[in-house]
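The residues making up each chain are set out below.
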Amino acid sequence: MLRLFRRQTGRFSNDTVHEKVVVNGKVTRLSHSMEHDSIADLADAHDKIGRYAEASAARLLAEGRKSSIAKAVFRSAWAYMNSYVFKLGFLDGSTGAMVAAYSASYTYQKWALVALGSETKSAEKSRTEVKGKSVRFRDRPG
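This is a predicted model, so every value here is computed, not measured.

## Description of unusual backbone geometry
Part 1 of the argument: Backbone geometry places L88, a non-glycine residue, at a positive phi of 60°.
Part 2 of the argument: Within the element layout of this structure, L88 appears in the loop between α2 (69-86) and α3 (94-128).
Part 3 of the argument: The class for L88 is partly exposed, based on a relative accessible area of 43%.

## So, a nonpolar patch on the surface
Part 1 of the argument: On the surface, I69, V73, Y108, L113 and L116 cluster together into a nonpolar patch covering about 400 Å² of accessible area.
Part 2 of the argument: Considering each element in turn, the nonpolar patch owes the most residues, 3 residues, to α3.
Part 3 of the argument: With respect to the secondary-structure elements, Y108 resides in helix α3.
Part 4 of the argument: For Y108, a relative accessible area of 33% corresponds to the partly exposed category.

## Here's the deal with the confidence of the model for the protein
Part 1 of the argument: Residues with a pLDDT of 70 or more make up 84% of the protein, whose mean pLDDT is 84.
Part 2 of the argument: Within the protein, the element-level pLDDT minimum falls on strand β4 (residues 133-134), averaging 48, and the maximum on α2, averaging 98.

## Some points on the side chain of S13
Part 1 of the argument: Residue placement: S13 occurs in the loop between β1 (10-12) and β2 (21-23).
Part 2 of the argument: Judged by its relative accessible area of 15%, S13 falls in the buried class.
Part 3 of the argument: Not counting the four nearest positions on each side in its chain, S13 is found in contact with E19, K20 and V22.

## Focus on the packing of aromatic side chains
Two descriptors summarise a pair of aromatic rings, namely the distance from one centre to the other and the angle between the planes of the rings.
Part 1 of the argument: A full pass over the atoms with the stated rule returns 3 aromatic pairs.
Part 2 of the argument: Taken together, a centroid distance of 6.3 Å and an interplanar angle of 70° make the contact between Y84 and F90 edge-to-face.
Part 3 of the argument: On the accessibility criterion, Y84 (24% relative accessible area) is partly exposed.
Part 4 of the argument: Of the aromatic side chains, those joined through ring pairs into one cluster are Y80, Y84 and F90.
Part 5 of the argument: The side chain of R75 reaches across the aromatic face of W111, ending 3.9 Å from its centre.

Criteria and thresholds
Residues numbered from 1 in each chain as written. Predicted model: local features only at pLDDT ≥ 70, side-chain atom pairs only at ≥ 80, totals over all residues. Heavy atoms only, no water. Helix = DSSP H or I, 4+ residues; strand = E, 2+ residues; numbered from the N terminus. Buried < 20%, exposed > 50% of the residue type's maximum accessible area, 1.4 Å probe, protein only. Patch = residues over 30% accessible without salt bridge, like charges linked within 9 Å, V, L, I, M, F, W, Y side chains within 5 Å. Areas by Shrake-Rupley, 256 points an atom, 1.4 Å probe, with all protein chains shown as cover. Salt bridge = Lys/Arg side-chain N within 4 Å of Asp/Glu carboxyl O. pLDDT = per-residue confidence, 0-100. Contact = heavy atoms within 4.5 Å. Phe/Tyr/Trp six-rings, centres within 6.5 Å; stacked < 30°, edge-to-face > 60°. Lys NZ or Arg CZ within 6 Å of the ring centre and 35° of its normal.

Shown next as structure tokens:
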């Protein structure tokens, strides 16, 4: 992941989530590793998960993607297993379990928001369109 760049030759992309650095020039690797702590504490982590999930869900809905709560649960469980088991998070002990839990939480929130957004769009469409014609409903008393 590109972390250091000259401002004159690089800029961040316009992606709402997981933005990238776009560089006009040569890119090389550091000779040593670099520690990148992007989360200050648990509250910051939960806030970031929520913001990223909302932004990702909005992008997915704009692309016409659909989901359901069942799919959100399945994808969340898969995200946990992928992070903790397949990416060997269990080797990091409790930190690996926490990272896997955050991954699962983000994934669930994102796809649950897509499911809720899909239902809302579908309900709005069915209320306003009957056989391809736009229909307006008036509020009925009591």
